[in-house]
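# Notes for the structure review
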Amino acid sequence: MSASESAVRPEVARPAVLIVDDEPDLLELLSLTLRRMNLRTRTAQDVGAARRLIRTEPFDLCLTDMRLPDGDGLDLVAWIQQNRAQLPVAVITAHGSVESAVRALKLGAFDFVSKPLDLGVLRKLIDNAIRLGAGPPPAPESGRARLIGQSVPMEQLRELIARVARSEAPVHISGESGTGKELVARLIHESGARRERPFVAVNCGAIPTELMESEFFGHRRGSFTGAVADKKGLIQAAEGGTLFLDEVADLPLHMQVKLLRVVQEKTVRPVGEASEEKVDVRILSATHKSLAELVALGQFREDLFYRINVIELHVPALRERPEDIPDIAHAVLARLGRRLNGPTPRIADDALATLERYSYPGNVRELENVLERALTLCLGGLITAEHIKLRATARPQPSAAAHLGHTAPGALGDHLEDIERSAIVQALEKTRYNKTAAAKLLGMSFRALRYRIKKLRIE
């Protein structure tokens, strides 16, 4: 925008930023920088003055220092969350003060910036905050249509998604395999300030260890055998947007160290490059494992755990919300009908009752597979209970002596096969049907697993 255009633009239409700091030189620097971005600025030198201005004037962003004469920035963050929750607030922290930054984000701060101020980083932060307020948030029904269910756990999850979407804080999404953790990550991205930028999803367990550094950070031509051209990494591909690290617990320790630097310093160093590059990405992560347990076992870095787990969202298992099963089933069948270019398949009450009694070790993904299989077995587009094929779920087994005392000898082999089949299917689901990873999880060779899959007729 030219100077003449800026001059004629109504003052009230320009976004307003409140700067809170007790250093006159920093106030002047920030005010000048923001005015050059065509933003209106107001200043306050303590928490009390900031509160009075926020009560009487509308602002699009509050930028506050941590140390103030009558309190600190965290007091102001907490007050804004209680009184002006729609106002994004960013905190200026001392260089290297990771603990302060994490505390601010946990209290609800939009983001943080470290001293000495990098004006380029500050401009991106302000752009994101202004964009968050300027664009209309997605309609609630759009999220409801994709995250199906009216149960209390799902309503609570939607509410949390809406809240964390208004922040730049790292979010860790926990939950069992098949619950829809990637869908939750996409909804957070699409509801936030970065919705017009890339969403890059990475399955950390699917990248070979020897290629991991190059895939994440990119490489320069000639940096290793086969590097015939410069390549941009997955992190750089997410520039300005969101990087979703699925199954983050599968990252080896040497990559956890490198990822920690990306999260803390917002920089990457491509393989074969001498200098680091600035990156602007929001980190979302997920795993079906317990990161806290892995930290206790020394298999996951504690410092990385606290940086990516600033906010945790738990996606409930399907057995915890059985009242949502009919809605999910109808939505899945409607999708299958569209895929087949035909009418929406119907499902009988007895089939729904059968589905509601099952515990779903594979969660929503397993329910989708059950319905797709049932659709191929039914006639006339009506699924009944006889078309619902559910696998036996593992239950506590009696002792060997008791088992031999009460089980017919001919049935013992079949029973053991059922247990083995269940273990293999669960391992395949946990590894997203990666047979190499499943074999490692089960403690057998790939060849042995392939033989057992064929022998047990596991599809």
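Residues numbered from 1 in each chain as written. Predicted model: local features only at pLDDT ≥ 70, side-chain atom pairs only at ≥ 80, totals over all residues. Heavy atoms only, no water.

## Quick notes on the layout of surface pockets
Going by this rule: A cavity here means a set of points on a 1 Å grid, drawn over the protein atoms and nothing else, where a 1.4 Å probe fits but cannot get out; a pocket is an open set with protein on both sides within 12 Å along at least five of seven lines, and a residue lines either one if it has an atom within 4 Å of a point. Grid points are joined across faces, edges and corners, and a volume is the space filled by probe spheres set on the points. Only runs of H or I of at least four residues qualify as helices and only runs of E of at least two qualify as strands under DSSP, and these elements are numbered from the N terminus. Residues are grouped as follows: Ala, Val, Leu, Ile, Met, Phe, Trp, Tyr, Cys and Pro are nonpolar; Asp, Glu, Lys and Arg are charged; all remaining types, including Gly, are polar.
Of the voids in this model, the second largest pocket is the one considered here, and its volume is about 710 Å³. As for the second largest pocket, its lining consists of 22 residues, of which G205, D250, T431, A437 and K440 are closest to the centre. No other element matches the four residues that helix α20 (residues 435-442) contributes to the lining of the second largest pocket. Its residues assigned to classes, the lining of the second largest pocket shows nine nonpolar, seven polar and six charged.

## Regarding the environment of M255
Quick reminder of the rule: Only protein chains enter the calculation, and the probe is 1.4 Å; a residue is then buried if its accessible area is under 20% of its type maximum, exposed if over 50%, and partly exposed in between. Contact between two residues is taken to exist if any of their heavy atoms lie within 4.5 Å; hydrogens are not considered.
With respect to the element layout, M255 can be found in helix α12 (residues 253-265). What makes M255 buried here is its relative accessible area of 2%. Apart from residues lying up to four places away in sequence, M255 is in contact with M212, E213, F216 and F217.

## Here's the deal with the pairing of strand β14 (residues 311-314)
Short version of the rule: When DSSP finds at least two bridges between two strands, those strands are taken to pair.
Every second residue of β14 is oriented toward a common face, the buried set being I311 and L313 and the non-buried set E312 and H314. Of the pairings in the sheet, the one linking strand β8 (residues 171-174) to β14 comprises four bridges and is parallel in character. Of the residues in β14, the one forming a bridge with V171 is I311.

## Examining empty space enclosed by the protein
Applying the stated rule across the entire model yields three cavities of 30 Å³ or more. In this structure, the largest cavity encloses a volume near 170 Å³. Around the largest cavity sit 16 residues that line it, and E168, P170, V263, K266 and V281 are the ones nearest its centre. Breaking the lining of the largest cavity down by element, the ones donating at least two residues are β7 (111-114), α12 and β13 (282-287). Residue composition of the lining of the largest cavity, grouped by class: nine nonpolar, no polar and seven charged. Within the lining of the second largest cavity, the residues separate by chemical class into three nonpolar, four polar and three charged.

## Thoughts on the pairing of strand β3 (residues 61-65)
The buried fraction of β3 amounts to five of the five residues, a majority that puts the element mostly inside the structure. Side chains L61, L63 and D65 project from β3 onto one buried face, and the interleaved C62 and T64 project onto a second face that is buried too. Relative to β3, strand β1 (residues 16-20) is paired through four bridges, and the arrangement is parallel. Bridge pairing in β3 places V20 opposite T64. The pairing of β3 with strand β6 (residues 89-93) spans four bridges and is parallel. Bridge pairing in β6 links D65 to I92.

## What to know about the pattern of salt bridges
Our working rule: Take a side-chain nitrogen of Lys or Arg and a carboxyl oxygen of Asp or Glu: if they are within 4 Å of each other, that pair is a salt bridge.
Taken as a whole and assessed by the stated rule, the structure comprises 18 salt bridges. Residues R186 and E182 are paired through a salt bridge, measuring 3.2 Å at the closest nitrogen-oxygen approach. Note that R186 and E182 are positioned in helix α9 (residues 181-190) at a spacing of four residues, about one turn of the helix. Residue class for R186 comes out partly exposed when judged on its relative accessible area of 30%. Owing to a relative accessible area of 25%, E182 belongs among the partly exposed residues under this scheme. Each of the salt bridges in this network shares a partner with another, and the network as a whole consists of E23, D65 and K115.

Don't take any of this as a statement about function, it's just geometry.
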